[in-house]
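Topology and contacts: notes
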Amino acid sequence: MNKSKLLKRFRMLSRVMSNRGDITINLTGNRCYTDYNSITLPVGDLENPDYLELLEGAIDHEVGHLRWTDRTWTAKSYEKGAFFNAIRNGIEDIRMERMVCLEWPGAILNLSKMVTQGIKKGWFSKPTDSFPPSLLLQAVVVYYGRYKINDQVQLNEFCEIAIALLTDCIGQKPVHDLILLLDTIPALRSNQHSYELTEQIIQLLKKIEFKPGDSQGNDSGDSQGDDSGDSQGDDSGDSQGNDSGDSQGDDSGDSQGNDSGDSQGNDSGDSQGNDSSDSQGNDSGDSQGNDSGDSQGDDSGDSQGQNSSVSQQVINFVNECLNADESQLMADLHEQVNNELEKMADEVRSSNDMEQLIDFNAPLISKNDRGTVGTADLNLAKRLSTPISRELHKIIYGLDRKSVNFSKQGRTVEANRLAGVKAGNFNVFKSERITKAPTMAISVLVDRSSSMSAFEMNGANTSALAINLAIDKLKGVNSECIYFSAGDLYEAKCFKSTTKAVKDNFRVSSRGGTHTGLSLYSVIRRLSLRVEQKKVVFIITDGQESDLKYLEKSIEMSELLGIQIVCIGINTGMLYGFENQELLNIQTVEELPSILKQVIKNKLIA
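Right, let's walk through the structure included here. (Residues numbered from 1 in each chain as written. Predicted model: local features only at pLDDT ≥ 70, side-chain atom pairs only at ≥ 80, totals over all residues. Heavy atoms only, no water.)

**Comments concerning the overall build of the protein**
Definition in use: Note on conventions: DSSP H or I runs of at least 4 residues are helices, E runs of at least 2 residues are strands, and numbering of each starts at the N terminus. Exposure is judged per residue with a 1.4 Å probe applied to protein chains only, and the accessible area is read against the type maximum: over 50% gives exposed, under 20% gives buried, and values in between give partly exposed. Throughout, a contact is declared for two residues whenever any of their heavy atoms are within 4.5 Å. Note on areas: these come from Shrake-Rupley sampling with a 1.4 Å probe, and a residue is covered only by the protein chains present in the view.
The number of helices and strands found in the protein is 16 helices and 13 strands. Within the protein, the proportion of its 606 residues that are buried is 50%. Considering only contacts in the protein between residues 6 or more positions apart, those separated by 24 or more positions represent 70%. By element, 46% of the accessible surface of the protein is carried by carbon and sulfur atoms, the whole surface being about 28,500 Å².

**Notes on the packing of helix α7 (residues 156-170) against helix α8 (residues 172-182)**
Selection rule: The axes are straight lines fitted to the C-alpha atoms, using for helices just the contacting stretch, and the angles between their N-to-C directions are given from 0 to 180°. Here the angle decides the label: under 35 degrees means roughly parallel, over 145 means roughly antiparallel, 65 to 115 means roughly perpendicular, and every other value means oblique. In this classification, Asp, Glu, Lys and Arg are treated as charged, Ala, Val, Leu, Ile, Met, Phe, Trp, Tyr, Cys and Pro as nonpolar, and every other residue, Gly included, as polar.
Remark: α7 packs on α8, axes separated minimally by 7 Å, with the N-to-C direction vectors making an angle of 130 degrees. One element, α7, and the other, α8, form an angle in the oblique class. The segment α7 lies against α8, with Ile163, Leu166, Thr167 and Ile170 engaging Gln172, Pro174, Val175, Leu178 and Ile179. Residues that form the contact of α7 with α8 fall into these classes: seven nonpolar, two polar and no charged.

**Concerning the packing of aromatic side chains**
We apply this condition: Pairing of aromatic side chains requires ring centres within 6.5 Å, counting the rings of Phe and Tyr and the six-membered ring of Trp. Pairs whose planes differ by under 30 degrees are stacked, by over 60 edge-to-face, and all others tilted.
By the definition in use, this model includes six aromatic pairs. Between Tyr143 and Phe158, the ring centres sit 5.6 Å apart and the planes meet at 50 degrees, which makes this aromatic pair tilted. One end of the pair, Tyr143, is in helix α6 (residues 133-149); the other, Phe158, is in helix α7, with 15 residues separating them in the sequence. On the basis of relative accessible area, Phe158 is assigned to the buried category, the value being 10%.

**Examining the pairing of strand β11 (residues 534-541)**
As a reminder, the rule being used: Being paired, for any two strands, means DSSP has found at least two bridges between them.
Counting buried positions along β11 gives eight out of eight residues, so the element sits mostly inside the fold. Side chains Lys534, Val536, Phe538 and Ile540 of β11 all project onto a buried face; the interleaved residues Lys535, Val537, Ile539 and Thr541 project onto the opposite face, where all are buried too. Sheet analysis places β11 next to strand β12 (residues 563-570), joined by seven bridges and oriented parallel. By the bridge assignment for β12, Lys535 is matched with Ile563.

**A closer look at the nonpolar core**
In summary, soluble globular proteins display a tendency toward joint burial of nonpolar side chains. For the record, the criterion: By nonpolar core we mean a set of buried residues, namely Ala, Val, Leu, Ile, Met, Phe, Trp, Tyr and Cys, connected to one another through side-chain atoms within 4.5 Å.
The biggest cluster of nonpolar side chains holds 76 residues, and the ones touching the most others in it are Phe83, Tyr143 and Leu341. For this core, the leading source of residues is α6, giving 11 residues. Those residues within four positions of Phe83 in sequence are excluded, and the remaining contacts are Ser134, Leu137, Ile202, Leu205, Cys321, Leu322, Ala324 and Leu329. Counting 44 residues, the second largest nonpolar core, distinct from the first, contains Ala460, Ala470, Ala492 and Ile540.

**Some remarks on the sheet that holds strand β8 (residues 440-447)**
Spatially, seven strands are ordered β4-β10-β9-β8-β11-β12-β13 in an open sheet, and the strand pairing comes out mixed. The open sheet has two edge strands with one neighbour each: β4 (365-366) and β13 (583-586). By the bridge criterion, seven bridges tie β8 to β11 in an arrangement that is parallel. Note on β11: the bridge partner recorded for Met440 is Lys534. The sheet strands contacting helix α13 (residues 454-471) are β8, β9 (477-484), β10 (489-493), β11, β12 and β13, and the helix crosses β9 at an angle near 165 degrees. Packed on one face of the sheet, helix α14 (residues 516-528) meets β4, β8, β9, β10, β11 and β12 and runs near 155 degrees to β11.

Here it is in structure tokens:
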């Protein structure tokens, strides 16, 4: 791989992996997951704009969930069924992304690009009359919220089509009421509020089921005015039988039996006046019975069957929504994005046209370790921390730079140069410039493989503890301590904690193989994202590694990224893979201060 290309990739990697608040983003391997404290995303082709747009959008989306979505209410939502959770999830995504954009305005573009990718890949599709009811209603929620509330204007057309189709199915008033509910999303402050808004939407749907006469077009007002008495229930306000119009006026006795003909033709005497209390228009007869009050236009007696059919369609629509399964709903955006990123990562991994760093299957880092049953000499570590701190102080603050210049103008005259004025040398004004030592991040990487004996492990534990205690005393210097073998990495100390607070974590026992290269890769990747100006890795090992190929690549990466490596051997004459690095070998922990003097002498940290 071309080195300049490699460096370009890592610069891009650092940009897309920028931390958001206290949440860490890891870019490694080929799988997406979160431990709710950090987000791990797969490595794809960093020169593919589609991959980068999805990656950056996914980062902002997932960070938003970790920061602003209470998982308790998500779990409760799942218990309510697929449709309920899909509506709640759509609302929560809109609410949460709005919070993200208010916190980090740059996320507006990232999330918009992710939506564009979603349209391109069919995750957000153009609504049609073949959409299942559940999918159509979900589309209105998602498209309206993203377009109207989050200004993702590329969904404008989809939003308008979805609303028009839903109106055809359940009528103008229910859709209007739904939109009023969605307009409250900006006022929501939690996932609980998203859950409660979903409950209101479900109640709205159920009310439509019990008022099917309100469902069609401009028919929403047909049960109002003078017709108010004709549209209730199963015509409970009317008289018995099918003679729904016979309940008014003097025809009270005509309402029993099979007087179905009484509502037709010239049955003007059956109700008050000229049927003024019945349906409006030219409906001279009754349009009642099991008809819920729906009498459109000039439909006179035959509206009963038609309206009954319409009402049943609305009931069926609502029931299909409430009983929908996942196959009848829009897939979760989180899952769609993650699956696509993993697919892109797999495609790059399978490519043979270039050697990829993503072949590194970097081990995960855990804060818990069952192997903390080893030994460490705490008192010795404390005693050695002072001289070690002194030596490290010389190394780090020896990086201060002082430059002296002389010029013809200035405020301070250098007396020793005045004698040269007669010879024409007027540069007698002295100016000094001091460049402070850079801030520094140090990772202490400790071998805990089975090749380390109990004695060597005790020495490594005590050495790592002493070094971290010493670093804690230095201003502008932060450290972490990572133990490695052939499994996952164990974080004994993170950058944020003090060594004293976690001193018991350094009692580590040995086990497993020695994946020095993969472990160094993980540490280098973490260090490359630190804000400190200078980065250093201290490796403590017996030198018997088992992944030489990855170790060579990791050392190359460290050189390109300006991360220095200091190798400390435990009872060994050679560190395999580090032949070009200077070996600092110790037999006992007491030798650490003198070893660090060699670091100064040989300028290993420059």
